[in-house]
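# Geometric and topological summary
Residues per chain, in single letters:
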Amino acid sequence: MNVHKLGKCLRSLVGYHARILLASFGLLATPLHAADDSPAVYTGTVGAARVVMELDDSDGDVTGRYFYRKYRLDIGLNGSWKSDTLALESRTSGDRLTLRRAGSGLAGWLVTSKGRRVSVSLSETTAISPAPAGLVDLSPYDRAQLAGLSLVPGAVIQDGTRSLRTWREPVSGITLFRIDSGYPPPVLHKINAALERQQWQQVSQWFSCEGFAGKPGMEVSEARAPYTSDDFVSYVWFGSWSCAGTAHPDFGSQGFTFDARTGRELQLEDLLYFGTEPVPEADTSAFYAYRSEVFAPHVVTLLQKLYPQEMQPAAGNPEEDECDYTDPSVWDFPSWHLTPQGLYAGAYFARAQRPCDEPEWSIIPWQHLSWRKDGSGAATTTPTTP
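Residues numbered from 1 in each chain as written. Predicted model: local features only at pLDDT ≥ 70, side-chain atom pairs only at ≥ 80, totals over all residues. Heavy atoms only, no water.

## Focus on the overall build of the protein
Scanning the protein from terminus to terminus reveals five helices and 19 strands. When the 386 residues of the protein are sorted by exposure, 50% land in the buried category. By sequence separation, contacts in the protein at least 24 residues apart represent 52% of the contacts at least 6 residues apart. When the accessible surface of the protein is split by element, carbon and sulfur atoms take 53% of a total near 17,900 Å². (Helix = DSSP H or I, 4+ residues; strand = E, 2+ residues; numbered from the N terminus. Buried < 20%, exposed > 50% of the residue type's maximum accessible area, 1.4 Å probe, protein only. Contact = heavy atoms within 4.5 Å. Areas by Shrake-Rupley, 256 points an atom, 1.4 Å probe, with all protein chains shown as cover.)

## Observations regarding the pairing of strand β16 (residues 342-346)
Among the five residues that make up β16, five are buried, leaving the element largely enclosed by the rest of the structure. By the bridge criterion, five bridges tie strand β15 (residues 335-339) to β16 in an arrangement that is antiparallel. Each bridged residue has a counterpart across the sheet, and for Leu 338 the counterpart in β16 is Leu 343. If you look at the hairpin formed by β15 and β16, you'll find two residues sitting between the two strands. Of the pairings in the sheet, the one linking β16 to strand β17 (residues 363-365) comprises three bridges and is antiparallel in character. Bridge pairing in β17 places Gly 342 opposite Pro 365. (Pairing = 2+ DSSP bridges.)

## A few points about the pairing of strand β14 (residues 250-259)
Of all the 10 residues making up β14, nine are buried; the element is thus mostly covered by neighbouring parts of the structure. Alignment of strand β13 (residues 232-241) against β14, held across 10 bridges, turns out to be antiparallel. Within the sheet, the bridge partner assigned to Phe 238 lies in β14 and is Ser 253.

## Examining the environment of Thr 339
With respect to the helices and strands, the residue Thr 339 is situated in strand β15. Note: C-alpha distance between Thr 339 and Val 233 (106 residues apart in sequence) is 9.8 Å. Apart from the residues lying within four places of it in its own chain, the contact partners of Thr 339 are Tyr 227, Tyr 344, Ile 363 and Trp 366.

## Quick word on the sheet that holds β16
In spatial order, the strands read β15-β16-β17; together these three strands make up an open sheet with antiparallel pairing. With one partner strand each, in any of the chains shown, β15 and β17 form the two edges of the open sheet. Across the sheet, the axes of successive neighbouring strands diverge by a mean angle of 25 degrees, strand direction being ignored. (Axes fitted to C-alpha atoms, helices over the stretch in contact; angles between N-to-C directions.)

## Re the confidence of the model for the protein
Low pLDDT marks stretches whose predicted atomic positions should not be read closely. Of the residues in the protein, 85% reach a pLDDT of 70 or more, and the chain-wide mean stands at 86. Every residue in residues 1-31 is under pLDDT 50, and counting partners more than four places away or in other chains gives 101 contacts. For residues 375-386, every residue scores under 50 in pLDDT, and the model assigns this stretch 35 contacts once sequence neighbours within four places are set aside. (pLDDT = per-residue confidence, 0-100.)

## So, the environment of Tyr 273
One can find Tyr 273 in the loop between α4 (268-271) and α5 (285-306). When the C-alpha atoms of Tyr 273 and Val 294 are compared, they prove to be 9.4 Å apart, with 21 residues separating the residues in sequence. Among the polar contacts made by the side chain of Tyr 273, one reaches the main-chain carbonyl oxygen of Pro 278 at a distance of 3.3 Å. (Polar contact = N/O pair within 3.5 Å; in protein donor to acceptor, adjacent residues only side chain to side chain.)

Structure representation (structure tokens):
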């Protein structure tokens, strides 16, 4: 599972925890969510600790999440209204909350898994914290989770004529480089702005991957294999996680690549394209048909020529015990990034064969790529042929 798919997984989990159903039920005169059906966000205290809570309602059933400002890690909630009392429980911490309406807020008690009882006082808020690095798609709760955090500059690494500096978010430990010098200032500004956004996205995912026993569900989340040249800036983000609500622990990677002459983030079709027509628009039926019917079979043919030994068909039952890299379906949406040798493409297998994911050898040399150095993007009239 690549990190893009991780992002979808995490967003679905956030959506699940954010379906926090505060219903106006029984004696309640007004609903506990906003008129536009977006989740209600509360700030307040649990005992002496400051918290932020997000609650959403669906006919009296309530789901949600909250975090302690000191730790910022998501704690999921589930429960329901019974008359004028809202009962919520966390499956990961074992904490139980009993809340009642108090003006526009909520008040009551939290009982920990060890039986300790502390007071809860929450006020609904409409204040929206600024989004770091322009992440406008973050919810008010997600913005509050990141509010007050900052990135701290670290060591400078010299990469040929280019200087790279690490930046670290201290609470999560998420670290990513920026480019101090080596490219024209407009290009530096554009690439570094994208790197900052990507770093904050990873920080947000780290906090929203709910773990158990007060620990984060993200086990590893780090940038690897930075590659810079006169033409490209590329790196890969690797993650492994065991988020509450997922069936199994998982891992994966996602690459990010930029045109070092313009600062534009590149897509796979900018570098490796087998079509004879212009590239189909992303996320359309034509695009998915191209990836499965044209791209993946061509990648298999090309890799069979480049790596005949590694691309031998599976001798046993590939669904159980062997990695069958001749199956085009494992190549239609590979993870990818650039290396000094060319473009690395990582196969993606189903759950039972996850150890087959992302073999080390599957690098497509530069001469097989369809990149146009004149800046016109992916080849549309001179496709790469295996």
